[in-house]
Amino acid sequence: MNEYEESRRSFLTKLGLTIGAGALGVEKLSAKVMNDKTEFPLSADQQQLMDRYEQWMDEFIPVIKAFRANPADLDAQKGIADLSEVAESWREQLTVFMKDDNFARYYMTATERMTKEIY
């Protein structure tokens with residue numbers, strides 16, 4: 001495993017993907033996720049978190065692309081650190097919401113967009 005993959009795994013674990021996958025009890029959650037997020041109704045609080053998460057992804061995607069292009073890029077490194085702190089601020093709420101199957105599926109569907117754009 002290279003340095004990027006270790007950093008990515010650590011970040012995603014911090015973000016709560018490991019918790020979410022464990023809460024749903026599936027090995028490859030993304031294979032179970034539908035493409036249309038409208039199939040997963042959310043509460044108002046859950047929708048607020050997802051709105052923040054999707055805005056966060058809009059900031060994170062270019063930063064991670066810059067880091068992948070040049071791991072020595074100090075701005076990208078700082079951006080990843082800053083955005084990781086933001087994600088950490090909603091980790092507890094994310095952990096609770098991931099117990100809801102609709103939320104977990106919506107979250108993973110949204111996360112697929114980021115994964116597709118990064119890889």
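The structure presented is a predicted model; accordingly, all values stated were derived computationally and were not measured.

(A) A look at the packing of aromatic side chains. Per the counting criterion, the structure on display carries seven aromatic pairs. Plain terms: the ring middles of Y53 and Y107 are 4.8 Å apart, the flat faces sit at 25° to each other, and that makes the pair stacked. Of this pair, Y53 sits in helix 4 (residues 44-69) while Y107 sits in helix 7 (residues 101-118), and the two are 54 residues apart along the sequence. Comparing Y53 with Y107, the two get one shared label, buried. Each ring, one from W56 and one from F60, has its centre 4.7 Å from the other, and the planes form 10°; the classification is stacked. Of the two residues, W56 and F60 are both situated in helix 4; the distance of four residues between them amounts to about one turn of the helix. When its relative accessible area of 2% is taken as the criterion, W56 is described as buried. On the accessibility criterion, F60 (5% relative accessible area) is buried.

(B) Up close: helix 4. For helix 4, spanning 26 residues, the distance from its first C-alpha to its last is 38 Å, which sits close to the expected 38 Å at 1.5 Å a residue. Helix geometry: helix 4 is bent most strongly at F60, by close to 25°, with proline P62 lying one to four residues after it. Listing the buried residues of helix 4 in full gives Q46, L49, M50, Y53, E54, W56, M57, F60, I61, V63, I64 and F67.

(C) How the structure looks around helix 5 (residues 74-89). Over its 16 residues, helix 5 runs 23 Å from end to end, which matches the ideal 22 Å to within 8%, given 1.5 Å per residue. Of the positions making up helix 5, those classed as buried are A76, G79, I80, L83, S84 and A87. Mapping the buried residues of helix 5 onto a view down its axis gives an arc of 135°, with all of them on the same face. Facing away from the buried surface of helix 5 by more than 90 degrees, the exposed residues are L74, D75, K78, E85 and S89. N-cap assignment for helix 5: the residue whose side-chain oxygen lies 2.9 Å from the backbone N of D75 is D73.

Reading guide: rules and limits
Residues numbered from 1 in each chain as written. Predicted model: local features only at pLDDT ≥ 70, side-chain atom pairs only at ≥ 80, totals over all residues. Heavy atoms only, no water. Phe/Tyr/Trp six-rings, centres within 6.5 Å; stacked < 30°, edge-to-face > 60°. Helix = DSSP H or I, 4+ residues; strand = E, 2+ residues; numbered from the N terminus. Buried < 20%, exposed > 50% of the residue type's maximum accessible area, 1.4 Å probe, protein only. Expected span 1.5 Å × (residues − 1). Bend = angle between axes of the 7 residues up to and from the residue. Arc of directions from axis to C-beta. Polar contact = N/O pair within 3.5 Å; in protein donor to acceptor, adjacent residues only side chain to side chain.

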